[in-house]
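Structural features, examined
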Amino acid sequence: MEVSDLAVTFGSRRKQSRAIDGVSLEWRRGEVLGIVGESGCGKSTLARAMLGLQETSAGQVTLEGHEAGGKAAMRELRRRIQMIFQDPYQTLNPRQRVSAIVAEPLVVQGVDKSVHQEHITKALVDVGLDPATYLDRYPHQLSGGQRQRVAIAAALVLEPEGLICDEPVSMLDTSVRSQILTVLMDLQKRRNLALIFITHDLSLAWSLCDRIAVMYLGRVVEAGTAVDVIENPKHPYTEALVAAVPVPALGMGRARALLKGELPDATDLPGGCRFNPRCQKRFESCDRIDPVLADVGPREQRAACLLYDGADPSARSAGPAVTAGPGAGRDRAEQARGTNDG
Amino acid sequence: MKNLLEVEDLRVEYRGRPIVDGVGFSLSSGESLGLAGESGCGKTTTALALMKLLPDGLSQSGSIELRPEGAEEPIRIGKRTEVGMQVVRWRHISLVFQGAMNSLDPVKKIDFQIDEVIRLHEKGVSGREVKERIADLLSTVGLTPKLGTRYPHQLSGGQRQRVMIALALACRPSVVIADEPTTALDVVMQAQVLELLEKLRRELGLAMILITHDLAVLAETCDRIAVMYAGRIVETGTIEDVFSNPQHPYTKLLLDSLPVIGGTRGLAPPIPGGPPDPGNPPEGCAFRPRCPYSEDRCLAVPDLREVGKDHAAACHFSPWASWPKIEAAGLGVQK
């Protein structure tokens, strides 16, 4: 699946909020992709837009090169890519039995009725629930973890190729959380299912994702392999986000740079780089130039920060040598790092 | 010196079934204790019992003694009546409720809500002093006093959580209990709120009980930890001891299942099953049905025993010299 220059705008013409502002992403077959960021950065909106659950104002979503516009294409997309949500208490219809909940996608997609039972049974077994016990239960008779398993079963009953998980475990307890993640990762391996984890929990992204994209105020500000981005973050925002994760190890203390303040209002974005008011490495051009993603590492690691060559869109169009000469960005990067380490 | 808070053999029952079953711990001033465990393990019930705020139908017994600085006689919370508790709550011990962000009154301004708490619990404070204290409290929790003129819906989740902490501090208590104070917040807000709690503890010398299922949060903020399972404390000790040398299989498996940035990628085998049904508890050790190390002797209930200096565990086999390798059994299918 490919997303290019996607934008989602909320609000009236006079007070526009750009929830998604030009996001491009690739999601490969069988890949586990993490989309991380604070509440309000647009990660859930992005997921909804990818499935056509949210009207977009620009850009396109393609599945194997075919644009997902029009009713038929959208129907096809939603059969092949499914989604599960954060709150298993709100996503299941309280008046439907598990059997009806899991059957619903089959009904919607017009699958032949004679095979429903077989699909439902298989989906429940796949998520580790015994069909004999659970088929006739109502959601209120299930625990949080069991509900999330039912939600996953309903998402998998059509045997999709991709599953978008929006904070799938953030409301669950530690031991239930690892059970649900084990179910998901097990399915990922057995079915070569592509997964997207939308999360603010970088430690989860670290342990499960192949690649991650870090979002800030509707933009992807850094992307790359999970290992590169988390072990060696290039964007100051990613760095701060990694530092905010509590570490279950000793002797870490809390003496680290904390991200101050909250996300600015999306209707009133700061000029230049949208992270600059909270950035500890800002320098003079940060409030003038809006950076684009530039290559910053060998394995497709990219960051949208003026510390790096190629992030200044005007310099890029004019050719790299015109404004600063090669290496100037890197010098700045080193300078900034030097002042901050001390 | 006596401890600030001493809890012994705390029990909470619902229709004869124990929800909290013989919990005991102590807290000295300026110390922070983490109460860890999954939903339903009794940690929130314990907090409510300490405040004598249990809902109808739940009855508590056991001794809870609080010795605020300067007090000659301890306050015996366990024996206090509702009327007697009203002068203790918020004055000496306060609670930041779970999901607190949503427990502010939506139709009253922030200032007014703090004002109410102060006046209700401290008679005869002048209007001017209350005003000053509100401004003070708001800046203590990192909010500009100007925000006091707003309504809760005009604040973000993180700001509302800070207001709740300000409310808990309004009458200068010596113990603050925070029940899942960061669970609804994202990592950035979580880090900010934890930093704030840490600062308050340092600067005001507050003793704190932090309740959460997130062990990583406890590792960063607490001096000591008590791990609860099915209404009992199954392990307690300093953070260092418990994290580096866990002595109960439950603690050990929970710690193993935590993802750690920079650590091994992938998933550790999860603990199978779920917590026991309080109406139908398993025979013997409550963790036995989920425990990969269980044997016949686990059919007897283990006591919480010392396994080291200031370190206790409720497992027949502790102290564990080493942890036998367990086969990843897989999750199987839930019946």
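Residues numbered from 1 in each chain as written. Chains lettered and ligands numbered in written order. Predicted model: local features only at pLDDT ≥ 70, side-chain atom pairs only at ≥ 80, totals over all residues.

1. Points about the overall build of chain B
Across its full length, chain B holds nine helices and 12 strands. In summary, chain B has a C-alpha radius of gyration of 21 Å against a globular reference of 20 Å for 335 residues, a match within 12%. Summarising its shape, the C-alpha atoms of chain B cover approximately 65 × 45 × 40 Å along the three principal directions. Out of the 335 residues belonging to chain B, those deemed buried represent 46%. (Helix = DSSP H or I, 4+ residues; strand = E, 2+ residues; numbered from the N terminus. Rg over C-alpha atoms; globule rule 2.2 N^0.38 Å. Buried ≥ 20, exposed ≤ 12 C-beta atoms within 10 Å, placed from the backbone.)

2. Focus: the confidence of the model for chain B
All names here are of chain B. In the predicted model, chain B carries a mean pLDDT of 90, and 97% of its residues have values of at least 70. Element-level pLDDT for chain B is lowest in helix α6 (residues 187-204), with a mean of 87, against a maximum mean of 97 in strand β12 (residues 311-313). Among the scores for the predicted complex, ipTM is 0.83 and pTM is 0.87. (pLDDT = per-residue confidence, 0-100.)

3. A look at the sheet that holds strand β11 (residues 305-308) of chain B
Residue and element names in this part refer to chain B. In spatial order, the strands read β6-β7-β8-β3-β9-β10-β12-β11; together these eight strands make up an open sheet with mixed pairing. Every interior strand has two partners, whereas the edge strands, β6 (93-96) and β11, have only one. Neighbour-to-neighbour, the strand axes of the sheet open up by a mean angle of 25°, direction not taken into account. As paired elements, β6 and strand β7 (residues 175-179) share four bridges and run parallel to each other. In the strand pairing of β7, L95 is matched with I177. (Pairing = 2+ DSSP bridges. Axes fitted to C-alpha atoms, helices over the stretch in contact; angles between N-to-C directions.)

4. Describing the confidence of the model for chain A
All names here are of chain A. Overall, the prediction assigns chain A a mean pLDDT of 86, with 89% of residues at 70 or greater. Note on residues 318-331: pLDDT under 50 across the span, and 15 contacts to partners over four residues away in sequence or across chains. In this model, residues 333-342 is a region of pLDDT below 50 whose contacts with residues beyond four sequence positions or in other chains number seven contacts. (Contact = placed C-beta atoms within 7 Å.)

5. Here we look at the environment of P139(A)
Residue and element names in this part refer to chain A. With respect to the secondary-structure elements, P139 resides in the loop between α5 (131-134) and α6 (144-156). Overall, the presence of 21 C-beta atoms within 10 Å leaves P139 in the buried class. Separated by 42 residues in the primary sequence, P139 and R97 have C-alpha atoms spaced 7.1 Å apart. Not counting residues up to four positions away in its chain, the partners in contact with P139 are L92, P94 and R147.

6. Looking at the pairing of strand β4 (residues 58-63) of chain A
All names here are of chain A. In terms of strand pairing, strand β1 (residues 2-10) meets β4 through four bridges, oriented antiparallel. By the bridge assignment for β4, V3 is matched with V61. Note that β4 and strand β5 (residues 66-67) share two bridges and pair antiparallel. Bridging across to β5, T62 finds its partner in E67. Where β4 folds back on β5, the antiparallel hairpin that results is connected by two residues, among which E64 adopts a positive phi of roughly 50°.

7. Topic: the interface of chain B and chain A
Taken residue by residue, the interface counts 39 residues in chain B and 42 residues in chain A. Every element with two or more residues in the side of chain B that touches chain A is listed here: α6, α7 (215-221), α8 (239-244) and α9 (249-256) of chain B. The biggest single contributor to the side of chain B that touches chain A is α6(B), with six residues. Looking at side-chain class alone, the side of chain B that touches chain A contains 19 nonpolar, 12 polar and eight charged residues. (Nonpolar A, V, L, I, M, F, W, Y, C, P; charged D, E, K, R; others polar.)

8. Re α9(B)
Burial runs high along α9(B): seven of the eight residues are buried. Here α9(B) has its buried residues at P249(B), Y250(B), T251(B), K252(B), L253(B), L254(B) and L255(B). Elements in contact with the buried residues of α9(B): α7 (174-191) of chain A together with α7, β9 (224-229), β10 (232-238) and α8 of chain B.

9. Focus on the sheet that holds strand β2 (residues 17-27) of chain B
Residue and element names in this part refer to chain B. Ordered in space as β2-β1-β4-β5, the four strands form an open sheet in which the pairing is antiparallel. The sheet is open, and its two edges are formed by β2 and β5 (75-76), each paired on a single side. Direction of pairing for strand β4 (residues 58-66) relative to β5: antiparallel, over a ladder of two bridges. For L66, the partnering residue across the bridge sits in β5 and is I75. Of the strands in this sheet, β1 (5-14), β2 and β4 are in contact with helix α1 (residues 43-51), which crosses β2 at around 70°.

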